[in-house]
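What the coordinates show
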There are 2 protein chains.
Amino acid sequence: MKEDVVFAPVDTIRRFSEAAFVRLGIPKDDAVICTDVLIRSDLRGIASHGVGRLRMYIDRIRAGMIEPVTEFEVVQEGATTAVVDGHHGMGHVIGVRSMRLAIRKAKEYGIGAVAVRNSSHFGIAGYYSLLAVEEGLIGVTMTNARPSVFPTFGGEPMFGTNPIAFGAPTDEGCPFLFDASTSVVPRGKLEVLSRAGTPLPPGWVIDRGGGIATDTDAVLAGLNAGEFGLLPLGGAGETLSGHKGYGFATIVEILSASLQAGCSLQELASFAPDGSPRKQRLGHFFLAIDIGVFTDPTSFRKTTGEILRRLRASRKLPGADRIYTAGEKECERERETASHGIPINPKLQATLSAIRDELGITDPQLPF
Amino acid sequence: MKEDVVFAPVDTIRRFSEAAFVRLGIPKDDAVICTDVLIRSDLRGIASHGVGRLRMYIDRIRAGMIEPVTEFEVVQEGATTAVVDGHHGMGHVIGVRSMRLAIRKAKEYGIGAVAVRNSSHFGIAGYYSLLAVEEGLIGVTMTNARPSVFPTFGGEPMFGTNPIAFGAPTDEGCPFLFDASTSVVPRGKLEVLSRAGTPLPPGWVIDRGGGIATDTDAVLAGLNAGEFGLLPLGGAGETLSGHKGYGFATIVEILSASLQAGCSLQELASFAPDGSPRKQRLGHFFLAIDIGVFTDPTSFRKTTGEILRRLRASRKLPGADRIYTAGEKECERERETASHGIPINPKLQATLSAIRDELGITDPQLPF
């Protein structure tokens, strides 16, 4: 870690983010929720979705793409299910309330599912699955997103990175948490390589002609215009089963749109054809499964923990240090960051300082 | 198609398969179910899981690995959920009854899920999801399987090919059906290349040392002994996100074992350490979602159909003929095969003729 990175106390950054959201017209309780999603991303080492994203939310609220006051409307409800219209409010607030509704239904009937329409960018999908896990349930979260991924054999961005997050409790300190885009990599990974001045590995992105694209900055510049596309998990064509990543992306698209009469694919672009910003109308899908209706929760946690321990203890390839299980790295990081503070690099320091000046935030003071 | 391939009437092959299963001690109703799963695989062009597998089931029943009379026991039941012990019966029968139970619960409460332990090989996962789709529901099916897949950075087969099948109704003649192993390819794909005398594409299989393996027959010979491993979707290491395929495989493993106090990973090997055959104790997970509790089913079908149509109509890469959506190829094939008959190549003709002689099946007569 370079010397110019500042490790800021978590509480300071948390209070700063809350203050920023409140100044944008977001009610205090909602600002606390939005902030918690961002902070948890930073804690878990997913800086691409952390407080650095404050800038994006501010811009989108000011452009009228997101409503600061979230009107959370349950438009349809059954014993185990609900459909929510988020009315273009804050995705984090919509996400937390929707997963809590799914959890409540699961606690009553064993399983709960909530489909959401007209939402906005909600941060890391894993946050919502962890809400279920922290209450002892299995949690599944999916969302569609602005188009950046080519279908197999296609040269036009149709899908978002359409993540799937699946969490389950274990008998260990860390839960199992799979949280991944259905593309080879999410957009954020390109931004990380851009900052490092590194070319893209072949196999992440192709151009409209099907050519392998490795110029990181050219790709980032041309991604929104559809000159390039992220590849679905499995890569180009069918040889290494890129059609499976494409299929997973389609599943997320269906569950994020069809149950809720919502929008999909290119309807989710952040900009209208004339270039003006528009409401994004994202859809999400949340599923919570109560474990106790199937089996003794202690048995579930033990079986799951043992699966993970056997995987980690299995024979490594020559030269491999360690076999990880999903969510392990992030959980370890979370403990570490909570005590050491959130690393804020010079670029992020400048971003947050500019927000401070712009919004006139005097309390808390930033430590840089 | 070569001249020596015989197109056998579907009804003839169906009756032959039923007769074979009945002679093995499987009750007639169950033989009809097992046969329907195999026939549907052949109809959909998935010959690796079709009537050619009769040989495997016969051998396993005779070796005492599968009980011909399926004792289907619901050991735990809630409003929306059930746990089933299959007592080592026929996987197809256990699968059909379990998905029907999930469907019944979904029709009553909106969602139904059934977790199964002590089952056996149930054929194509997609069959069970289609049962839900054919009743207008969303269907999800998962199963663990005998170990053949290496974890990321691992050199020991820990996972089965752990397929996930997701089906949803559309407003088209064909439903959406994603049915795929979470490895780059399933074992059956290697068998297809072996028959064709073709080497494996790099990226499907590695050896215990991490080296790329392309000798198809050597790989097939050494897969059970752990000398080689199928790679998870995304390939070796993390560069192209092989850890995501590994994560999907882990999700399937958890849902196929932890909710049902079942077996997992290497406990699922078909052979004991001394080489003797043993009961496989597979686990499955079935989920059915009623669409009508969320939205008008007509709206769901239309939204889903439009997503698929927009994908298929999107801009193709130069040289690409067509963009498919999941299940489309198999659905087209199903109609074609139903009218032309099931293609039986010389090797399969020999297999079926040997079964006929061995079991003394005189009715129906095989057309070769």
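Residues numbered from 1 in each chain as written. Chains lettered and ligands numbered in written order. Predicted model: local features only at pLDDT ≥ 70, side-chain atom pairs only at ≥ 80, totals over all residues.

Turning our attention to the overall build of chain A. Along the backbone of chain A there are 11 helices and 11 strands. At 20 Å, chain A has a C-alpha radius of gyration in line with the 21 Å of a compact globule built from 368 residues. In terms of its C-alpha atoms, chain A occupies a principal-axis envelope of roughly 55 × 50 × 45 Å. A buried classification covers 56% of the 368 residues belonging to chain A. Considering only contacts within chain A whose residues lie at least 6 apart along the sequence, 63% involve residues at least 24 apart. (Helix = DSSP H or I, 4+ residues; strand = E, 2+ residues; numbered from the N terminus. Rg over C-alpha atoms; globule rule 2.2 N^0.38 Å. Buried ≥ 20, exposed ≤ 12 C-beta atoms within 10 Å, placed from the backbone. Contact = placed C-beta atoms within 7 Å.)

For the rest of this paragraph, the subject is the packing of helix H1 (residues 10–23) of chain A against helix H2 (residues 28–43) of chain A. Residues and elements named next belong to chain A. Across the interface, H1 lies against H2 with an axial gap of 8 Å and an inter-helix angle of 135°. The angle between H1 and H2 falls in the class oblique. The crossing of H1 and H2 is right-handed. Counting all contacts with H1, which are made through Val 10, Ile 13, Arg 14, Ser 17, Glu 18, Phe 21 and Val 22, the residues of H2 involved are Lys 28, Ala 31, Val 32, Cys 34, Thr 35, Leu 38 and Ile 39. Its residues assigned to classes, the contact of H1 with H2 shows 9 nonpolar, 2 polar and 3 charged. (Axes fitted to C-alpha atoms, helices over the stretch in contact; angles between N-to-C directions. Parallel < 35°, antiparallel > 145°, perpendicular 65-115°, else oblique. Left-handed = near helix turned anticlockwise from the far one by under 90°. Nonpolar A, V, L, I, M, F, W, Y, C, P; charged D, E, K, R; others polar.)

Before going further, it helps to examine the interface of chain A and chain B. Contacts between chain A and chain B engage 68 residues on the former and 69 residues on the latter. When residues of the side of chain A that touches chain B are traced back to their parent elements, those giving at least two are strand S3 (81–85), strand S4 (111–119), strand S6 (164–168), strand S7 (176–180), helix H8 (242–255) and helix H9 (297–312) of chain A. For the side of chain A that touches chain B, the element with the highest residue contribution is H9 of chain A, accounting for 7 residues. When its residues are assigned to classes, the side of chain A that touches chain B shows 37 nonpolar, 25 polar and 6 charged.

Let us now look at unusual backbone geometry. Here the bond from Asp 363 of chain A into Pro 364 of chain A is cis, since omega is 5°, no more than 30 degrees from zero. Residue placement: Pro 364 of chain A occurs in the segment after helix H11 (346–359). Unlike most non-glycine residues, Asn 162 of chain A shows phi in positive territory, near 35°. Looking at where Asn 162 of chain A falls in the secondary structure, it is placed in the loop between strand S5 (138–143) and S6. In this structure Asn 162 of chain A comes out as buried when scored by C-beta crowding, with 27 C-beta atoms within 10 Å. Backbone geometry places Ser 241 of chain B, a non-glycine residue, at a positive phi of 70°. Classification of Ser 241 of chain B as buried rests on a count of 29 C-beta atoms within 10 Å.

Looking at chain A, pLDDT values average 96 and 99% of them are 70 or higher. Taken over the whole predicted complex, pTM reads 0.98, whereas the ipTM for its chain interfaces reads 0.98. (pLDDT = per-residue confidence, 0-100.)

With that out of the way, let us pick up the relation of the copies chain A and chain B. You can overlay chain A on chain B at an RMSD of 0.0 Å; the transform is a turn of 180° with a shift of 0.0 Å along its axis. A rotation of that kind, with that shift, is consistent with a two-fold axis. Ranked by how close their C-alpha atoms come to the rotation axis, the residues of chain A are headed by Gly 234 of chain A, at 2.4 Å. Both copies contact each other with a shared surface, as 100% of the interface residues of chain A are interface residues in chain B too. (Least-squares fit on C-alpha atoms with pLDDT ≥ 70 in both.)

Next up on the list: the domain arrangement of chain A. Per the domain assignment, the segments of chain A are domain 1 (1–62 + 338–368), domain 2 (70–183 + 237–313) and domain 3 (185–230). Taking the mean C-alpha position of each, domain 1 of chain A and domain 3 of chain A sit 27 Å from one another. (Domains from an automatic or database assignment.)

On to the nonpolar core, then. Ala 102 and Ala 288 of chain A together with Ala 102 and Ala 288 of chain B are the most contacted members of the largest nonpolar core, which totals 226 residues. Among residues more than four places away in sequence, those in contact with Ala 102 of chain A are Gly 112, Ala 113, Val 114, Phe 286, Leu 287 and Ala 288 of chain A. (Core = buried A, V, L, I, M, F, W, Y, C linked by C-beta atoms within 7 Å.)

All names here are of chain A. Pairing in this open sheet of 7 strands is mixed, and the strands run S2-S3-S4-S10-S5-S6-S7 from one edge to the other. Whereas interior strands pair on both sides, the edge strands pair on one side only; in this sheet they are strand S2 (73–77) and S7. Each strand of the sheet is rotated relative to its neighbour by a mean of 15°, with strand direction disregarded. Sheet analysis places S4 next to strand S10 (residues 282–289), joined by 7 bridges and oriented antiparallel. Of the residues in S10, the one forming a bridge with Val 114 is Phe 286. (Pairing = 2+ DSSP bridges.)

The side chains of a regular strand alternate, residue by residue, between the two faces of the sheet. Residue and element names in this part refer to chain B. For strand S4 (residues 111–119), a buried count of 9 out of 9 residues is recorded, marking the element as mostly surrounded by other parts of the structure. Relative to S4, strand S3 (residues 81–85) runs parallel, the two being bridged by 5 bridges. Across the sheet, residue Asp 85 finds its bridge partner in S4, namely Arg 117.

This part covers the sheet that holds S3 of chain B. Residues and elements named next belong to chain B. Taking strand neighbours across the sheet as the criterion, the 7 strands line up as S2-S3-S4-S10-S5-S6-S7 in an open arrangement whose pairing is mixed. Only two strands of the sheet have a single partner each, and these edge strands are strand S2 (73–77) and strand S7 (176–180). Going across the sheet, the axis of each strand differs from the next one's by a mean of 15°, ignoring polarity. Here S2 runs beside S3; their pairing, made up of 4 bridges, is antiparallel. Bridged to Gln 76 within S3 is Val 83.

Residues and elements named next belong to chain B. Relative to the elements of secondary structure, Thr 182 occurs in the loop between S7 and helix H6 (187–196). For Thr 182 and Tyr 246, which are 64 residues apart along the polypeptide, the C-alpha to C-alpha distance reads 7.5 Å. In contact with Thr 182, other than residues within four places in its own chain, are Thr 161, Asn 162, Pro 163, Ile 164, Pro 232, Leu 233, Gly 245, Phe 248, Ala 249 and Val 252.

Moving on: the environment of Pro 9 of chain B. Relative to the elements of secondary structure, Pro 9 of chain B occurs in the loop between strand S1 (6–8) and helix H1 (10–23). When the C-alpha positions of Pro 9 of chain B and Ser 339 of chain B are compared, they lie 8.4 Å apart, and in sequence the two are 330 residues distant.

This part covers helix H8 (residues 242–255) of chain B. Compared with the 20 Å implied by 1.5 Å per residue over 14 residues, the 20 Å span of H8 of chain B between its first and last C-alpha is a close match. Of all the 14 residues making up H8 of chain B, 14 are buried; the element is thus mostly covered by neighbouring parts of the structure. (Expected span 1.5 Å × (residues − 1).)

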